[in-house]
Amino acid sequence: MTLEARMTLDREYRIAEIDKRIYGSFIEHLGRAVYGGIYEPGHPEADARGFRQDVLRLVRELGVPIVRYPGGNFVSGYNWEDGVGPKEQRPRRLDLAWRTVETNEFGTNEFIEWVRAAGAEPMMAVNLGTRGIDEARNLVEYCNHPGGSYWSDLRRKHGYEQPHNIKVWCLGNEMDGPWQIGHKTAAEYGRLAQETAKAMKWVDPTIELVSCGSSHPNMPTFPEYEAVSLEFTYDYVDYVSLHQYFGNRSGDTASFLASTLEMDHFIRTVKATCDYVKAKKRSKKTLNLSFDEWNVWFHSNEQDKQIEPWSIAPPLLEDIYTFEDALVVGGILITLLRHSDRVRMACLAQLVNVIAPIMTENGGRAWRQTIYWPFLYASRYGRGVALQPVIDSPKYDTSEYTDVPVLEGIGVHDEEREQLTLFALNRSLTDPVTLRCALRGFEGYRVLEHIVLEHDDLKAVNGPDGERVKPHAGGRSQAADGLLEAELPKHSWHVIRLGKRNEP
């Protein structure tokens, strides 16, 4: 049976101009993200700095504009001073977050060099677990002050004459979580974050700050944690963070594909909480959101329990992603774009090896996981103005969700290039969908390309010997007289690009 769905895209139904930082990612000192991932001296493709060029090529291909560092749970026990200066003098430390040994061979300055080589900007996190105001203000001084002070001159002594000019800073990480070193109640965190924010902005008034929100919508303190902590930080920060991971532990794929509905609800609730604090404070400032950890994460949970503690860069959180995981990631990206008026930054967690789109072998190859593809195409063509679609779709029920739309979609209008991109997900496990989309205000637009991510095997994976799951440009669609008609095979994700062009 073929299902039918309708959509309307109107160039006046604007959500927002998409901030390119919505396609950010994340590198933490965790597993092989750094050592064996982005940094591996002696690798055949490593440059003089130890940066793997094969990995850098894949990162540049993704077009990642901002990368969060150094954590994550790791940052709540991290002394940033351990990772600067001569490498032979840097101490080894026990990382309590992941029960590994951190060599500190790679630190702040190496990261800045790497992230700029990747064509991206840094998003730096400060330790509000075991440390606080002093550590944070000193790090801002070290990174951003031109010179003439102790910490800025120390940076210059370390070989970095010019300041790093890091513009985005996270005030800790997941401080609502009991697993966090230095876990704090909302009031404890809010008070510390407020005073830290003041000091950091006194050092550099041009920076943007992210206040910690809930690490998951199922936390017992959600959304009270946001409501209480923002009472302290609202006037001093620019964003509040959200984190969420998805998994198919039950084997119920229909529910798994529908789980992005939880993300939508999470975002709406945090927006409402921020606006409640805004109203309570009689503030004129609207707080934006930084969804700075999101992904599928569940495959490696049991495997990680077997890792020997206190080893160096063990293979932790190395999920091997399936085709169905890629569909969920495609749905997540649509959800983020739908909320791009308030979600101005987001980070796929993480970038290399650790629950990542890019995998490597130590001393060997690098390759693209299944989730690489939807992220690549969203980053490449999801830039411009997000358009609010009007969708009439069949719905289905699962063991966990009711009234799940079979079709999810979002439009992105690139006004400068006169192009319109439709991202669409068909969640049906059994039926194709015929989509009829009315295009209002897009006279003369034709289909330029229809990219499809599909596979008969929902559990298909990619590996170093080949990519079983990869998109093709053979999608079936056409546009004429203001109507786009497209065929969307069962369980598939689509990028339909339209634009003006001369008739042959």
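Residues numbered from 1 in each chain as written. Predicted model: local features only at pLDDT ≥ 70, side-chain atom pairs only at ≥ 80, totals over all residues. Heavy atoms only, no water.

Here we take up the overall build of the chain. A count of helices and strands for the chain gives 11 helices and 27 strands. Relative to a compact globule of 504 residues, whose C-alpha radius of gyration would be 23 Å, the chain shows 23 Å and is just as compact. The dimensions of the chain, computed from C-alpha atoms along their principal axes, are 65 × 60 × 50 Å. Sorting the 504 residues of the chain into buried and exposed places 62% on the buried side. Relative to all contacts within the chain whose residues are 6 or more apart in sequence, the contacts with residues 24 or more apart total 77%. As presented, the chain carries roughly 19100 Å² of accessible surface, and 48% of it is formed by carbon and sulfur atoms. Of the charged side chains in the chain, 58 are positive and 72 negative, and the gap between their average positions amounts to 4 Å. (Helix = DSSP H or I, 4+ residues; strand = E, 2+ residues; numbered from the N terminus. Rg over C-alpha atoms; globule rule 2.2 N^0.38 Å. Buried < 20%, exposed > 50% of the residue type's maximum accessible area, 1.4 Å probe, protein only. Contact = heavy atoms within 4.5 Å. Areas by Shrake-Rupley, 256 points an atom, 1.4 Å probe, with all protein chains shown as cover. Lys, Arg positive; Asp, Glu negative; His and termini not counted. Charge placed at Lys NZ, Arg CZ, Asp CG, Glu CD.)

So, about the environment of Ala254. By the element assignment, Ala254 lies in helix H7 (residues 253–258). Looking at Ala254, the relative accessible area reads 19%, which means it is buried. Sequence separation between Ala254 and Arg427 is 173 residues; the distance between their C-alpha atoms is 7.6 Å.

Between helix H1 (residues 53–62) and helix H11 (residues 372–381), the least distance of the axes is 8 Å, while the angle of their chain directions is 50°. Relative to H11, H1 is oriented oblique. Judged by residue contacts, Leu58, Glu61 and Leu62 of H1 engage Tyr372, Phe375, Leu376, Ser379 and Arg380 from H11. The residue makeup of the contact of H1 with H11, split by class, is 5 nonpolar, 1 polar and 2 charged. (Axes fitted to C-alpha atoms, helices over the stretch in contact; angles between N-to-C directions. Parallel < 35°, antiparallel > 145°, perpendicular 65-115°, else oblique. Nonpolar A, V, L, I, M, F, W, Y, C, P; charged D, E, K, R; others polar.)

Attention now goes to the nonpolar core. The biggest cluster of nonpolar side chains holds 164 residues, and the ones touching the most others in it are Trp114, Trp169 and Trp294. A per-element tally of this core places helix H10 (residues 323–338) first, with 10 residues. In contact with Trp114, other than residues within four places in its own chain, are Ile38, Phe51, Leu56, Val59, Val67, Phe106 and Leu351. (Core = buried A, V, L, I, M, F, W, Y, C linked by side-chain atoms within 4.5 Å.)

A few words on helix H2 (residues 108–117). The element H2 is extensively covered by neighbouring structure, given that 8 of its 10 residues are classed as buried. Three or more residues of H2 are buried, namely Thr108, Asn109, Glu110, Phe111, Ile112, Trp114, Val115 and Ala117. Buried residues along H2 sit against H1, strand E4 (66–69), strand E7 (121–126) and helix H3 (133–144). Phi turns positive one or two residues past the end of H2, at Gly119, with a value near 80°.

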